[in-house]
Each structure stands twice: as structure tokens, then as C-alpha cells.
Amino acid sequence: MSSNGEPGIEVPAGARLPAWAAAVNALSRAFGVLAAGLIVLSIGVVCQMVFVRAALGQSAIWQTEFVTFAIVAATFLGAPYILLTRGHVAVDVLPLMLGHGARRWLFLGGYLVALAFCALFFWASVPWWYDAFATGQTTSSIWAARVWIPYLSVPVGLGLLCLQMLTQILLVLTHRALPFNLRPEESL
């Protein structure tokens, strides 16, 4: 927990997060909870599938597809929360070797590249999702799930990920957050 009560966001002493940043962070946390729920639900469905196949000798019709869609949705919908809490894999050797000013520029450059990458995929995923929605595409299995429902997690997750990145960039630019959550005196 950081000095302002927000997980993953270290702010300078006495600074508070603006309401818009707190709202984006709250939305990312809510989607993190949703992603965790999808993972737990997937575990339950896998257990049910094993029971149905092994104990009852019946075939599994919908379980494999559901679990695949739920895990992929959890990945995209949970990504903003992982970014917020800095739960992603990070190597902080270079930021620790740099001074505070250079550290800011490294943070901003890296986040701008990541934002451009995610924004490009967000832009490409919206028509992909809409095509599945408009044409009523379904899976080829007996279950015939409408694919627009799981596909929606891609643009929603990427859109919120872009918003979370933009929030963190703006917080660092306005000196309301520390780059890489490292205080100026922290170094190797």
C-alpha cells in the first residue's frame, strides 16, 4: 500500500490523487476482481467437467470452450489491475541506476511505447468484435456460443489498459506520482 492508500501508486508526501485518477484506479480494481472471479469460476467448471466425464461417464459439451473464453477474458480484463499494482514482471536495474530526472524520461518513453502498442490493438479489436456481434457468429461446437460475448473482453480490457496507462503517464507528468514507484533517493 502506498502513502495515499492506493495499491501500486506511490505519490510524493502530502500529494493526493485527483478524482479522475482515483476513478480509473477503482475501475481497474473492479475489473481485477472480475478477472479473479472468472478464474475461480473456471476452476469450478473444470472440476465439474472432470466429475461429469470421470464419474458419470458423460461427455463435456460446453465446459472446455467456456473455460478457454473465461481465462482469455480474465487475462484482458485483469491487465489494467496488474498494471495498477505493478504486478507485472519488471526489471528495475536500469531505473535504479538512473537519477530521478532520467528515470522520469525512461518511464514516460516506455509507457508511451506501451500505450501506442495497446492503443493499436484496441483500435484493431473493436471492428473485430463488432463483426462477430453484427453477423451473429457462434462457435462450431454443439454449444454454439455467441462469440461476441467473450470477444468483448478484448476491446474492453485493452481500452481500460490504455486508460490506466494514460492515467499513470499523466500522474508522473504532473508530479503526482513517482516513476517506477521509486523515490528520488532510491538507487543502486
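Note that the coordinates shown come from a computational prediction; the quantities given were computed from them, not determined experimentally.

Caption draft 1: Spatial organisation of the packing of helix α1 (residues 19-55) against helix α2 (residues 63-84). As a packed pair, α1 and α2 sit with axes 7 Å apart at the nearest point and diverge in direction by 155°. Here α1 is positioned roughly antiparallel relative to α2, judged by the angle of their axes. Regarding α1 and α2, the two cross each other, and that crossing is left-handed. Here the residues of the contact of α1 with α2 sort into 19 nonpolar, eight polar and one charged.

Caption draft 2: Structural detail: the nonpolar core. Ranked by size, the top nonpolar core spans 19 residues in total, and within it F107, Y111, L161 and M165 carry the most contacts. Contributing elements (two or more residues each) for this core: α4 (100-135) and α6 (153-173). The greatest single-element share of this core, amounting to eight residues, is contributed by α6. If you look at the next biggest cluster of nonpolar residues, it comprises six residues, including L38, A70, A73 and A74.

Caption draft 3: Representation of the side chain of Q63 within the structure. Examined against the element boundaries, Q63 turns out to sit in helix α2. Those residues in contact with Q63 that sit more than four places away from it in its chain are V45, Q48 and M49.

Caption draft 4: Highlighting the packing of aromatic side chains. According to the stated counting rule, one finds 11 aromatic pairs in the structure shown. Each ring, one from W62 and one from W143, has its centre 6.3 Å from the other, and the planes form 50°; the classification is tilted. Of this pair, W62 sits in the loop between α1 and α2 while W143 is found in the loop between α4 and α5 (148-151), placing the two residues 81 residues apart along the sequence. Look at W62 and you get partly exposed, because its relative accessible area is 31%. On the basis of an interplanar angle of 15° and a centroid distance of 5.4 Å, the ring pair of W129 and F133 is categorised as stacked. With W129 and F133 both in helix α4, this residue pair falls four residues apart, about one helical turn. Among the residues examined, W129 registers a relative accessible area of 18% and is labelled buried. What links up through ring pairs into an aromatic cluster is the set W129, Y130, F133 and W148.

The rules behind these values
- Residues numbered from 1 in each chain as written.
- Predicted model: local features only at pLDDT ≥ 70, side-chain atom pairs only at ≥ 80, totals over all residues.
- Heavy atoms only, no water.
- Axes fitted to C-alpha atoms, helices over the stretch in contact; angles between N-to-C directions.
- Helix = DSSP H or I, 4+ residues; strand = E, 2+ residues; numbered from the N terminus.
- Parallel < 35°, antiparallel > 145°, perpendicular 65-115°, else oblique.
- Left-handed = near helix turned anticlockwise from the far one by under 90°.
- Nonpolar A, V, L, I, M, F, W, Y, C, P; charged D, E, K, R; others polar.
- Core = buried A, V, L, I, M, F, W, Y, C linked by side-chain atoms within 4.5 Å.
- Buried < 20%, exposed > 50% of the residue type's maximum accessible area, 1.4 Å probe, protein only.
- Contact = heavy atoms within 4.5 Å.
- Phe/Tyr/Trp six-rings, centres within 6.5 Å; stacked < 30°, edge-to-face > 60°.

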